[in-house]
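# Observations on the three-dimensional arrangement
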Amino acid sequence: MSASIPSHAKSRSEKPLITEAIQRLPNPDLLLLDVYKSLAANKLQQAQLKADELVEAYPNFQLGHLIRGDLLLMHAKQVNSFGGNSNASPEKLKDLRDEAYARLKSIREKPDPDLIPRNILQLRDDQKQVLIVDAKKSRLYLYENNAGQPKFVTDFYVSQGKFGINKNKEGDQKTPIGVYYITSRLAGSKLPDFYGPGALPINYPNEWDKINGRSGSGIWLHGVPSENFSRPPLASDGCVVLTNPDFLKISAMIDIGKTPVIISEQVEFSNFTKWSADKQSASKMLEDWRADLESQNPNRLLNNYSRNFKTIQGDNLNAWFPKQQQATEGLHNLSIKLKEVTQFRYPGKDEMIVSTFTQETTASKSKTSVRKRQYWIKEAAKWRIIYEAQV
């Protein structure tokens, strides 16, 4: 999706209220699974009751109605194909079949709650939750920050771009992969019905996207039109689309500017021991850079940077590094502290970590504080910075 944000919608920042009715709604994926389990056990009547419960809870759930129609037909004759009682087009049936497969597969392959996504390395204390999209499974996972350790809360079915992931340019109808942040909250009352009860824009293109020449805008998390319940797995113009009840649940939880949205082709998980080791390694990487910066030794500091370093403005390392040296040149009693650190393993083929932190610099009686972001890439077993800037 590519859209401009209405000026009257930008200022809305309060969290929406979730009605008790939405909170009490049953999980549609679990009901679908119960239907298929009952069928596998030759319990047609029980499957019918579950299907009835599904469409009663979600009257506009087309997939639910299609399955219920198949079950009703089974009472009279054998049904050999999905949607055997439907007049829907082959394309529509394929969309519904893909959605059913994605929903059921996600339940069967639900992540072990004791495992931790490899993308999450370190959260700052005031980051209460992280959203992680697994494009391959059409799933969004919600993790909460439990004293620094990510803890699985729940997950949701999502739709993504018509042509999948790896967005590169405006209009390619692909969903970007990367580490993003929710930048604002747009009320549904200020948007067309197409977006459902609202939208949560993310900061695509981020710094890494811009350096790599990726373009486009208007990538949002949003709902669906009021007459629909959901969309097929590959259906949007690049946005991440949820059902309206799920969107309202997420929108009520997130913090604007703080909640990360990590979009990955496939989420990988680690046990606590491996995750702790990876977190410690990333922390040491950043601490070594801090110590080298504080040393005021340019050769030590330069060793932390990749020869492929570049800025959004196009400066290479030779042009950028001397300018940074001037900031600490001649300072006495230099002390540098890093606070409010976040670190994420960046999705994609390259081994990369994005670190964001507040750098407090004290020298004699002067003190400065800046927020920085660094992209680290692994080159021949050594982590080096390929991009750095204030944010």
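Just so it is clear, the model here is predicted, and its values are computed rather than measured. (Residues numbered from 1 in each chain as written. Predicted model: local features only at pLDDT ≥ 70, side-chain atom pairs only at ≥ 80, totals over all residues. Heavy atoms only, no water.)

### A look at the overall build of the protein
Each helix and strand counted, the protein has 11 helices and 18 strands in total. C-alpha extents for the protein along the principal axes are approximately 90 × 45 × 35 Å. Every one of the 391 residues in the protein was classed for burial, and the buried ones make up 50%. At a minimum sequence separation of 6, the contacts of the protein that also span at least 24 residues come to 62%. Surface accessibility of the protein: about 18,800 Å² in total, with carbon and sulfur atoms responsible for 48%. Within the protein, the 44 negative side-chain charges are centred at a point lying 2 Å from the centre of the 54 positive side-chain charges. (Helix = DSSP H or I, 4+ residues; strand = E, 2+ residues; numbered from the N terminus. Buried < 20%, exposed > 50% of the residue type's maximum accessible area, 1.4 Å probe, protein only. Contact = heavy atoms within 4.5 Å. Areas by Shrake-Rupley, 256 points an atom, 1.4 Å probe, with all protein chains shown as cover. Lys, Arg positive; Asp, Glu negative; His and termini not counted. Charge placed at Lys NZ, Arg CZ, Asp CG, Glu CD.)

### Things to note about the environment of Arg124
Within the secondary structure layout, Arg124 lies in the loop between strand E2 (120–122) and strand E3 (129–134). The buried category is assigned to Arg124, whose relative accessible area is 17%. For Arg124 and Gln343, which are 219 residues apart along the polypeptide, the C-alpha to C-alpha distance reads 8.9 Å. At 2.7 Å, the side chain of Arg124 and the side chain of Asp126 are in polar contact. (Polar contact = N/O pair within 3.5 Å; in protein donor to acceptor, adjacent residues only side chain to side chain.)

### Points about the sheet that holds strand E10 (residues 220–222)
The strand order across the open sheet built from four strands is E8-E9-E10-E12, with neighbouring strands paired in mixed fashion. The two strands at the open ends of the sheet, each matched to only one other strand, are strand E8 (186–187) and strand E12 (240–241). Here E8 pairs with strand E9 (residues 198–201) via two bridges, running antiparallel. Paired with Ala187 across the two strands is Gly198, which belongs to E9. Running over the sheet, helix H8 (residues 244–253) touches E9 and E10 and is turned about 50° from E9. (Pairing = 2+ DSSP bridges. Axes fitted to C-alpha atoms, helices over the stretch in contact; angles between N-to-C directions.)

### A look at the packing of aromatic side chains
How two aromatic rings sit relative to each other is set out by the distance from centre to centre and by the angle between their planes. One pass over the structure, following the stated rule, counts 17 aromatic pairs. With centroids separated by 5.6 Å and ring planes inclined at 70°, the aromatic side chains of Tyr143 and Phe152 adopt a geometry described as edge-to-face. Just as Tyr143 is buried, Phe152 falls in that class too. Taking 5.1 Å as the distance between ring centres and 90° as the angle between the ring planes, the aromatic pair formed by Phe194 and Tyr195 counts as edge-to-face. According to the relative accessible area criterion, Phe194 is partly exposed, its value standing at 38%. Through pairs of rings, three or more aromatic residues link up here, namely Tyr141, Tyr143, Phe152 and Phe269. (Phe/Tyr/Trp six-rings, centres within 6.5 Å; stacked < 30°, edge-to-face > 60°.)

### Digging into the confidence of the model for the protein
Residues with a pLDDT of 70 or more make up 94% of the protein, whose mean pLDDT is 91. Scored below 50 in pLDDT, residues 1–14 makes 29 contacts in the model with residues more than four places away or belonging to other chains. (pLDDT = per-residue confidence, 0-100.)

### Some remarks on the sheet that holds strand E13 (residues 260–264)
The strands making up a sheet associate through backbone hydrogen bonding, with each pair oriented either parallel or antiparallel. On the basis of which strands lie adjacent, the open sheet formed by five strands has the order E5-E4-E3-E13-E7 and mixed pairing. Each of the sheet's edge strands pairs with one partner strand only, and the pair in question is strand E5 (149–157) and strand E7 (178–181). Each strand of the sheet is rotated relative to its neighbour by a mean of 25°, with strand direction disregarded.

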